[in-house]
Structures are given as C-alpha cells and as structure tokens.
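The primary structure of each chain is shown beneath.
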Amino acid sequence: MTDVLLKAENLTASYGQIEVLHGISFEVYDNEIAVILGANGAGKTTTIRALSGMVETTGTITFKKEDISEFESDAIVRKGVAHVPQGRGTFPELTVEDNLRVGAFIRSDNDVQNDIQNCYDTYPVLFERRTQTAGSLSGGEQQMLAVSRALMSRPELLLLDEPSLGLAPQIVEALFERFLIMNKDHGTTMLIVEQNAQLALGMADRGYVLEAGEIVIEGAAESLINDEAIIRAYLGG
Amino acid sequence: MDLFLQRLFDGLTNGSAYALIAVALVLIFKATTLVNFAQGEQAMLGAFIVLQLWNWGLPMWVAVIVGMLISGIIAAGLERTFIRRFDPADHLPLVIITLGLFLVLNAVAAIVWRYDPLAFPQLFPHGSAITIGNARLSWYSIFAFGSCILVLLLLHVLLNRTKIGLSFRAVSSNLESSRLCGIKVGPTLQFGWALAAAAGTFGASIYAANPVLQIEPSIMLRALIFSITAAALGGLDSLWGALLGGLTIGFIQSVLVQYIPFIPNEMTLTATVVVLLIVLTLRPSGFLGTKTVERV
Ligand SMILES: Nc1ncnc2c1ncn2[C@@H]1O[C@H](COP(=O)(O)OP(=O)(O)OP(=O)(O)O)[C@@H](O)[C@H]1O
Ligand SMILES: [Mg+2]
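These numbers come from a predicted model, not from an experiment.

Moving on: the overall build of chain B. A tally of helices and strands in chain B yields eleven helices and two strands. Going from N to C terminus, chain B has its helices and strands arranged as α-α-α-α-β-β-α-α-α-α-α-α-α. Whereas a compact globule of 296 residues would reach a radius of gyration of roughly 19 Å, chain B reaches 19 Å, a difference of no more than 12%. The principal-axis extent of the C-alpha atoms belonging to chain B is close to 60 × 50 × 35 Å. Counting only contacts in chain B whose residues sit at least 6 apart along the sequence, the fraction spanning at least 24 positions is 74%. Carbon and sulfur atoms make up 70% of the accessible area of chain B, which amounts to about 12700 Å² in all. On chain B, the mean spot of the 16 positive side-chain charges and the mean spot of the 12 negative ones are 10 Å from each other.

It is worth spelling out the interface of chain B and chain A at this point. Tallying the contact residues gives 17 residues for chain B and 24 residues for chain A. Taken together, the two surfaces of chain B and chain A that pack against each other cover about 1800 Å², and 62% of this comes from carbon and sulfur. Of all residues in chain B, Leu 166, Leu 180 and Cys 181 of chain B bury the most surface against chain A, accounting for 34% of the area lost on that side. Viewed at the interface, chain A and chain B are joined by three salt bridges. With its nearest N and O atoms 3.0 Å apart, the salt bridge here joins Asp 98 of chain A to Arg 169 of chain B. Joining chain B to chain A, the criterion identifies nine residue pairs in polar contact (both at pLDDT 80 or more).

Time to look at a nonpolar patch on the surface. Taken together, Val 104, Val 108, Ile 111 and Val 112 of chain B make up a surface patch of nonpolar side chains, about 350 Å² in accessible area. On the secondary structure map, Val 112 of chain B appears in helix α4 (residues 91–113).

On the basis of which strands lie adjacent, the open sheet formed by four strands has the order β2-β1-β4-β5 (chain A) and antiparallel pairing. Two strands lie at the open edges of the sheet, namely β2 (18–29) and β5 (66–67) of chain A, each paired on one side alone.

Generally speaking, a soluble globular protein has its nonpolar side chains buried in company with each other. Residues Val 102 of chain A together with Leu 27, Phe 120, Ile 215, Met 220 and Leu 239 of chain B are the most contacted members of the largest nonpolar core, which totals 102 residues. A per-element tally of this core places helix α1 (residues 2–32) of chain B first, with 17 residues. Once residues within four sequence positions are removed from consideration, Ile 215 of chain B is found in contact with Met 44, Ala 47, Phe 48, Leu 51, Asp 116, Pro 117, Leu 118, Phe 120 and Ala 208 of chain B. Ala 82, Tyr 120, Met 144 and Val 209 of chain A belong to the second-largest nonpolar core, a separate cluster that totals 41 residues.

Before going further, it helps to examine the coordination of the magnesium ion (ligand 2). Within the first shell, the magnesium ion (ligand 2) binds the protein through Thr 45 of chain A (OG1) and Gln 86 of chain A (OE1), at distances of 1.8 to 2.0 Å. Within this pair, whereas Thr 45 of chain A is found in helix α1 (residues 44–51), its partner Gln 86 of chain A is found in the loop between β6 (81–84) and α3 (96–103), the two being separated by 41 residues in sequence.

A few words on the site of ligand 1. Residue and element names in this part refer to chain A. What surrounds ligand 1 is a group of 13 residues, the closest being Gly 41, Lys 44, Thr 45, Thr 46 and Glu 162. Here an oxygen atom of ligand 1 sits 2.8 Å away from a polar atom, N or O, in the main chain of Gly 41. In this structure, an oxygen atom belonging to ligand 1 sits 2.4 Å away from a side-chain N or O atom of Thr 46. Burial of ligand 1 by the protein amounts to 59% of the accessible area it has alone, namely 630 Å². The element contributing the most residues to the shell around ligand 1 is α1, with three residues. The class makeup of the residues in the shell around ligand 1 is four nonpolar, seven polar and two charged.

Residues and elements named next belong to chain A. Even without being a glycine, Asn 10 presents a positive backbone phi close to 55°. Looking at where Asn 10 falls in the secondary structure, it is placed in strand β1 (residues 4–15). Positioned with a positive phi, Ala 212 is a non-glycine residue whose angle comes to about 45°. Mapped onto the elements of the fold, Ala 212 is located in the loop between β9 (206–211) and β10 (214–220).

Let us look at the pairing of strand β2 (residues 135–138) of chain B. Residues and elements named next belong to chain B. A one-sided burial pattern is seen for β2, the buried positions being Ala 135 and Leu 137 and the unburied ones Arg 136 and Ser 138. Pairing of strand β1 (residues 128–132) with β2 involves four bridges; the strand directions are antiparallel. Among the inter-strand pairings, Ser 128 is bridged to a residue of β2, identified as Ser 138. Following β1, the chain reverses through two residues before pairing antiparallel with β2; Gly 133 in that reversal takes a positive phi of roughly 60°.

For interface size, the figure often reported is the accessible area lost on association. Residues and elements named next belong to chain A. Domain boundaries assigned for chain A yield domain 1 (4–80 + 155–234) and domain 2 (91–153). Once you take the C-alpha centre of each, domain 1 and domain 2 turn out to be 24 Å apart. Contact with domain 1, which involves 13 residues of that partner, is made by eleven residues of domain 2. Summing both partners gives a buried area of about 1000 Å² for domain 1 against domain 2, and 76% of it is carried by carbon and sulfur. When residues of domain 1 are sorted by the area they lose upon contact with domain 2, Arg 78, Pro 155 and Arg 178 head the list and together hold 39% of the total. Across the domain 1-domain 2 interface, the total number found is zero salt bridges. Linking domain 1 to domain 2 there are one residue pair in polar contact (both at pLDDT 80 or more). For the side of domain 1 that touches domain 2, the secondary-structure elements that each account for two or more residues are α2 (73–79), β7 (157–161) and α7 (169–186). In terms of residue count, the dominant contributor to the side of domain 1 that touches domain 2 is α7 (five residues). Among the residues making up the side of domain 1 that touches domain 2, the classes are represented as ten nonpolar, no polar and three charged.

Attention now moves to the packing of aromatic side chains. Going through the model one piece at a time under the given rule, you end up with eleven aromatic pairs over all chains. Plain terms: the ring middles of Phe 26 of chain A and Tyr 208 of chain A are 5.8 Å apart, the flat faces sit at 65° to each other, and that makes the pair edge-to-face. Here Phe 26 of chain A, found in strand β2, pairs with Tyr 208 of chain A, found in strand β9; they are 182 residues apart in sequence, far enough to count as distant. Just as Phe 26 of chain A is buried, Tyr 208 of chain A falls in that class too. Taken together, a centroid distance of 5.8 Å and an interplanar angle of 50° make the contact between Trp 61 of chain B and Phe 124 of chain B tilted. Of this pair, Trp 61 of chain B sits in helix α3 (residues 60–83) while Phe 124 of chain B sits in the loop between α4 and β1; the two residues are 63 residues apart in sequence, bridging distant segments of the chain. The class for Trp 61 of chain B is partly exposed, based on a relative accessible area of 32%. Put simply, the rings of Trp 61, Phe 124, Trp 139, Tyr 140, Phe 143 and Phe 202 of chain B pair up and form one aromatic cluster. The ring of Phe 127 of chain A carries the charged tip of Arg 130 of chain A above its face, separated from the ring centre by 4.1 Å.

Analysis parameters
- Residues numbered from 1 in each chain as written.
- Chains lettered and ligands numbered in written order.
- Predicted model: local features only at pLDDT ≥ 70, side-chain atom pairs only at ≥ 80, totals over all residues.
- Heavy atoms only, no water.
- Helix = DSSP H or I, 4+ residues; strand = E, 2+ residues; numbered from the N terminus.
- Rg over C-alpha atoms; globule rule 2.2 N^0.38 Å.
- Contact = heavy atoms within 4.5 Å.
- Areas by Shrake-Rupley, 256 points an atom, 1.4 Å probe, with all protein chains shown as cover.
- Lys, Arg positive; Asp, Glu negative; His and termini not counted.
- Charge placed at Lys NZ, Arg CZ, Asp CG, Glu CD.
- Buried area = accessible area lost by both parts, 1.4 Å probe.
- Salt bridge = Lys/Arg side-chain N within 4 Å of Asp/Glu carboxyl O.
- Polar contact = N/O pair within 3.5 Å; in protein donor to acceptor, adjacent residues only side chain to side chain.
- Patch = residues over 30% accessible without salt bridge, like charges linked within 9 Å, V, L, I, M, F, W, Y side chains within 5 Å.
- Pairing = 2+ DSSP bridges.
- Core = buried A, V, L, I, M, F, W, Y, C linked by side-chain atoms within 4.5 Å.
- Buried < 20%, exposed > 50% of the residue type's maximum accessible area, 1.4 Å probe, protein only.
- Donors = N, O, S within 2.8 Å, 3.2 Å for Na, K, Ca; no water.
- Near = heavy atom within 4 Å.
- Nonpolar A, V, L, I, M, F, W, Y, C, P; charged D, E, K, R; others polar.
- Domains from an automatic or database assignment.
- Phe/Tyr/Trp six-rings, centres within 6.5 Å; stacked < 30°, edge-to-face > 60°.
- Lys NZ or Arg CZ within 6 Å of the ring centre and 35° of its normal.

What follows is the structure, encoded as structure tokens:
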C-alpha cells in the first residue's frame, strides 16, 4: 500500500439534532478499492455524503493531505472527488450526452468530446441513446450513465453509493468488472458503499463494516470474507 | 370577416407581450418550481427604467438594452438578498416573499414615477404594414411578434448551446446532482433570475410601446394574470409552450371575447381561465410541458 489519499478522523454527521455517524475514522489508499458494508440505515450513504460536503459534520476529512472538512460540495468535486449517489442521480430531463457534459462541468480542457467518445466506446448503448433523455433509460443504463458521468470529471477518487441496487445480477457483474478495469488500467481509487458484501469484498482491497453509525470491523478484504461475524450478518452463511 | 381578421391581428400583439412575461415566469419555474408573482412588477419597473434612461437622452434601443441589464442586476440582488437564504424546497415562505416583492416594487414605482400615465418611446415604426379590407396589421404588431420570437431564439441558444445554459438546465433537473458535478447552485439560480427579469423587461417595454397604451405603475397587473395563465397553458416549464400559451391567451381575448357577441367584455378573464381548465383537463402538463409538475 502506498500513500493515504483520503482520511476521515473522528467523523460525526447529523441531520438536525439527530447524530447519525458517531465519530468514525477510516482511510482510502491511493489506487485501491475500499468498501464500506452495512445494513439498511447503518449510515453508509451519510458517510459518503459527508465526504462530499452534503451533510453537517464534525471531525476532519483530509484529501491529498489537504483538510477539506469545511469545503463546499462543488469545491470538493474540483479537488478530484466524484460521487455517484444512491439511486443514480442522473439528470432525467437532459439527454444522455448533456448528462456527460454536465459531468465535465469543472473542466475547461479540449479533451471533453474525446472522453465522451470513450464513454460511448465503453458503453455502446449510451451512444445509441445519446439524444434520448436520461429519464427514459433503463435502470442498468442509468447506472452506466451515472458512472460515466462521474468519470467525466476525471476524478482521483470515485465514491459509489450502492451501485448494485435494483439491478439484475448479470448487469451488476458487468458493472463491477468495469470498476476493476478502471481501477487497474487507470488507477482510479474507489470507495464503494454496498450491501452486497460477497460481490464487494470479492473485488476490494480493504473493507469496513458500519453498524448504527460506528465502524465495528475493518481489515483486508480476504480476511473479511472469511470473518465469522460478517458471514453471519452479510453473506447469508 | 374584416373584423375577425382585425381581432386576430390584435390577439397577436397582446399575445406576444404575454408570451414574453410568461417566458420570464417559465425561466424561474424551471429553476425553482416556483411561480414568481413579482415578475410582472419587476418587468414594469424595468420598463420605467427604460423610460427614464430614454428621458435622460439615451437612444431608445440602447435604453431598452441597458434597462434589461439593470433590471437583471436588480433581480440578481433580490435573489441573493431575499430568496437564497430560504430552503428552496419549502415553497410557502418563497411565495410570500414574491408577493411581498410584488407590493414593494409597485409602491416604489408609484413613489418615483407617480400614477399619472406617461408616454413610452415608440420602439417600432408607425402605421399599418398590411391592410386587408378594413383590417390593418400594424408594424407594431409585426415587430412585437418578431422580437418575441427573436428573444425566444436567443434564450434557446443560450440555454442549449452554452455552458451556463447547460448548468442552468442541470440545476433545473436535479439540484443535488448538480452540486455533485461541481456546479455552484446559488449563482446559477441567480443567473436564472437575472435572465428572467431581462426577458420580462423586454416584454413590458414592448407592451408599453403599444401606441394605444401609456405606462403607469399598474400596467402589468392584468398582464401578469394573463401571463401566468399563458405559462400554465404552455406547461409552466417550456419556453416555446409559453409562446403558444401567450398567443392563445391573446387570441382568446381578442377573437373569442371581442368577436363573438354573446361573450361580454367583462368575461375576458373568465374565458381565459375556462380555456386553461379545459386544456389542463385534456393535457395535464399543458401544451409542451415535459413533466407532470406540481401546480401552485
Ligand atoms: N435527510 C435525513 N434526515 C433525517 N434523517 C436521515 C436523513 N437521511 C438519513 N437519515 C437517517 O440516518 C440514518 C442513516 O441513513 P443512511 O441513508 O446513511 O443509511 P444507509 O446505510 O445508506 O442505508 P441504506 O442501505 O438503506 O441506503 C438512518 O437512520 C436514516 O433514517
Ligand atoms: Mg444508503
């Protein structure tokens, strides 16, 4: 393992008076795939929303050695963090191509059109539907679009919130294979939040288990996959 | 037949002005799903600014463009001061604020310019362009309609071909994802307010430049009601729908009410509302509305 890319220390997050994360600490190393596992309501979404500056937090978040705890969401994106929210978060009234353009909003270089073409090469179905509105796509196509859109900002860290949710097994498999390729070929670091522990641990380097707003287990993915407690709670063993 | 034609021409004239105010309403609605009740008064204030600039000696079209800029800047200031501090998802406080702005702007105009009607500069050539029998289509009507189309085309290009337009459409579509793509939502909405006010000022200037009208602080009161109806007819979130809606309202007023003898003049507003109800019953999202939107 090389450098720490992202580090959260003693992170709490609240909605109004209700504290949902109770001081969690974790890190994501350069070039790795890290996962956060947890049941419904454990605080997985809240955790990555906290990283993107979308909920009230205390504690510190460091990205590339810079304290970004107080940054606004748009500034965090500019630093190189992209976020695919739970439920895809596409722009339903915009065309597929415009969705990709919005993904490149922070960029001013001349390679945008080229990158859009790369997205189409990866997912030819997006090319076929480039003039259709995103809202007319199927769930799987929307997820492809959401991931492609996030990559359009050329992030160093990609945050993915339950990308497998509501998708057929073959589609999920193809999606996760893509993540692996992105990670190995382009060195994109990823933090994936999942309930599908088997799948996530299968491809990840390291994992954390979140329970009621606290991290209860952490370790290398291979060791977690054999962990008694995890097998019982998440792997249906 | 001549009278019918004449009424049709009249409808085109008023319809164009309604369409421009409706376009302003649609811009704000697209961005915030909010009907800005102050839009008409902002437009009226803008037209007074145009008049003032003209009185100070600016050429009239320069006055119109500078007036559009100034009212855009004022709208940006209003957005920053009164609108942005409130939760965009909670509509009631925002509606009350736009109603408050409505009253304040009306009062400001009344204090500065008084209630006496003033002559507005003639933006377009005088006289009739086409005469068919006894029906005359004035140059004013042609230019009013033409400039309405021009403004819509410019807005269309701005929204669909520029980066700020793209971010505006993104914010209209999904606020949260816009943030996650690095868009600064506040300034983008502010841009929408400025754009709407500029379009509205143009609309009010066209309206006030009608040779049969003079400008006074309540000039836009009636027009606002018709423009809101026009925007709703068009689907509330569609620019071209606003044009269709505006023209429809213009034609209802002139053709339906003034041509058909048994519908009395006093029924203008009623007739437009009845047509609105019929259209929305048959097509809940209006002529060109893209989504089923929550109606206020
Ligand atoms: N906007 C909100 N306002 C108040 N409470 C919230 C809000 N969003 C989430 N919560 C609460 O915070 C807790 C954690 O929610 P979170 O969405 O982070 O869970 P999650 O692990 O992502 O669950 P899921 O697997 O269902 O997506 C839950 O108890 C939830 O009810
Ligand atoms: Mg979640």
